[in-house]
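# Structure assessment
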Amino acid sequence: MSIQSQVAYSTERANRYIAENKGIVNPLYRNRYHASPPVGWMNDPNGFVQYQGAYHLFYQFHPYDAKWGPMHWGHMKSTDLIHWEDLPVALAPDQAYDRFGCFSGSAIERDGKLYLLYTGVTEADEEGVHHQVQCLAVSEDGLHFDKVQQNPVIPIAALPEDASQIDFRDPKVFEHEGMYYTVIASKASDETGQILLYQSEDLVEWEFASVFLKGTKEQGIMWECPDFFQLDGKDCLIFSPMQWPQDGDDYQNLNSSVLAVGEVDWTTKQFQPASYQELDHGLDYYAPQSLEDDKGRRICIGWMQMWGRDFPTDTLGHGWTGSMTIPRELKWVDGQLKQYPIGIEAKLVQQGENSRIITLEDAKETIPGIEGDCGLLTLKVDTSELDNLNIYLRENENERTVVSFNKEKNELGIDRSTSGIELKGEEATPPVSRKVTLAGDRDYLELAIYLDHSSVEVFERNGEAVMTANVYPTEEATGISFECSGKAVFEEATFTPFV
Ligand code: FRU
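Residues numbered from 1 in each chain as written. Predicted model: local features only at pLDDT ≥ 70, side-chain atom pairs only at ≥ 80, totals over all residues.

### Details of the domain arrangement of the chain
You'll often see interface size given as the accessible area lost when the parts meet. Taken domain by domain, the chain holds domain 1 (3–341) and domain 2 (348–497). Inter-centroid distance (C-alpha atoms) of domain 1 to domain 2 is 31 Å. Opposite the 31 residues of domain 1 that make contact, domain 2 presents 34 residues. In terms of residue count, the dominant contributor to the side of domain 1 that touches domain 2 is strand S21 (residues 336–341) (5 residues). Residues that form the side of domain 1 that touches domain 2 fall into these classes: 10 nonpolar, 12 polar and 9 charged. (Domains from an automatic or database assignment. Contact = placed C-beta atoms within 7 Å. Helix = DSSP H or I, 4+ residues; strand = E, 2+ residues; numbered from the N terminus. Nonpolar A, V, L, I, M, F, W, Y, C, P; charged D, E, K, R; others polar.)

Following this line, the structure appears as structure tokens:
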């Protein structure tokens, strides 16, 4: 018998545990403006939604350990997408149909009520198999959720012929022309990923609609966490493929997050992809989920971690693991996807006039006033006479994280090989650095680099390229310096601390 079926989980028990144990968390690597669990483990964002005037973020949560375990849904809300208020746990694995875990899912408002559609991983059957089914919970106040008696609302009997019963998860619900739909991750018998589409008039009774998109052998073994939406007239499908093969500088992590752009044929209900692109060229970004808010913004938030590698806050006994990225607004500008970091600017305190034109030529320098481990570094650099620029972040005597720009190759890079704690994992050699070739020449480099206590997020030219990585310096590391070959003319260099 598994441990899961011996222990009676409930939201009450989880809430009590959190209240009594959140004091055990070690603050050293806690991020200050990224959503993190009060104690215990966090993975995927779930049920990201605006409801009754606030942004609600649910997440995969194991309160009792800093490791993944029986999944609950943690819950927090925010009005500015930066300060998050913890709310009571929304779901616990307390029913036969979700006893092995309340896995990822999404939220939607209907007639003033908030509905959560999530994956229940069932108790083991006679053969010891845990099935994945889709379940519904509803709330009238956005705080307390009741699982509906019709659960599971999408049982395994509703699967099409060629679909695994144990890899069927992560429903993302949306409305299209008066009908509710959900995309769900699935695996076909040839070990490829596919996305299934179901439809419903009332969120309770669902019927199979189509195989929305089927992957090929070259596209990974399972596509987790699908999300479908229209953005600026384009049909967009985001998903998180496991083991999408490396392709040049792209898809270097074990698992990736991909945006497919294409068109849905609503007669056959199939998605016809025209292109695929990786969403983040860093080392830690997975399972993103989006919402559309009342300002019409498509906002996406991802888990700022990667499966299959060490989680130092767990191995060091810090009592917590996992943060979300800064929420990013997605837009198409001149045919390019841009991911604008949102929310934080308003919370930063401008520290006087620390922006002026500075020229560096074949030198390594610090810039007075530019220092810190939590805040925003903004740079505008004329690169017309530059060869290479290295930006050293989180620097101390022995450690630094490097963001680099190579003019000739038009390449932006991030390197955490000297950041601090070395991360090992399932990969023979987990990547420690990544690069991305920017589209179009850069005589002018614009970077917004967000630092938090264990994270670095690099946005190039308003998020045309994004690179995210966790870093764990072993000693205080607040230094920032610049080294260039050739000439770098800083027209703006500002560090704005988060206070
Ligand atoms: C993705 C994922 C989902 C699943 C959840 C379990 O990170 O594996 O497919 O629902 O995490 O915690």
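The discussion continues.
### Description of the UniProt feature "domain: Glycosyl hydrolase family 32 N-terminal" (unreviewed entry) in the chain
Following the UniProt record, the feature "domain: Glycosyl hydrolase family 32 N-terminal" (unreviewed entry) maps to residues 34–341 here. Spanning residues 34–341, this segment combines 1% helix with 53% strand, and its end C-alpha atoms are found 12 Å apart. (UniProt positions renumbered as here; feature names shortened; annotations may be inferred.)

### As for the site of the ligand
Close contacts around the ligand come from 13 residues, with Gln60, Phe103, Ser104, Glu224 and Ala287 the closest. Secondary-structure elements contributing two or more residues to the shell around the ligand are strand S1 (40–51), strand S5 (101–110), strand S9 (168–176), strand S13 (222–231) and strand S17 (286–292). By residue class, the composition of the shell around the ligand is 5 nonpolar, 4 polar and 4 charged. (Near = placed C-beta within 6 Å.)

### A closer look at unusual backbone geometry
Asn151 connects to Pro152 through a cis peptide bond whose omega is -5°. Along the chain, Pro152 falls in the loop between strand S8 (146–147) and S9. Phi is positive for Cys225, close to 50°, though the residue is something other than glycine. Positionally, Cys225 belongs in strand S13. The backbone of Asp334 sits at a positive phi, close to 50°, despite the residue not being glycine.

### Digging into the nonpolar core
Counting 128 residues, the largest nonpolar core has Leu91, Leu116, Ile449 and Val458 as the members making the most contacts within it. It is strand S31 (residues 479–497) that provides the largest number of residues to this core, a total of 7 residues. Of the domains in this structure, domain 1 (3–341) and domain 2 (348–497) are the two that each give at least three residues to this core. If sequence neighbours within four positions are ignored, Ile449 has contacts with Leu377, Leu393, Val403, Val456 and Val458. (Core = buried A, V, L, I, M, F, W, Y, C linked by C-beta atoms within 7 Å. Buried ≥ 20, exposed ≤ 12 C-beta atoms within 10 Å, placed from the backbone.)

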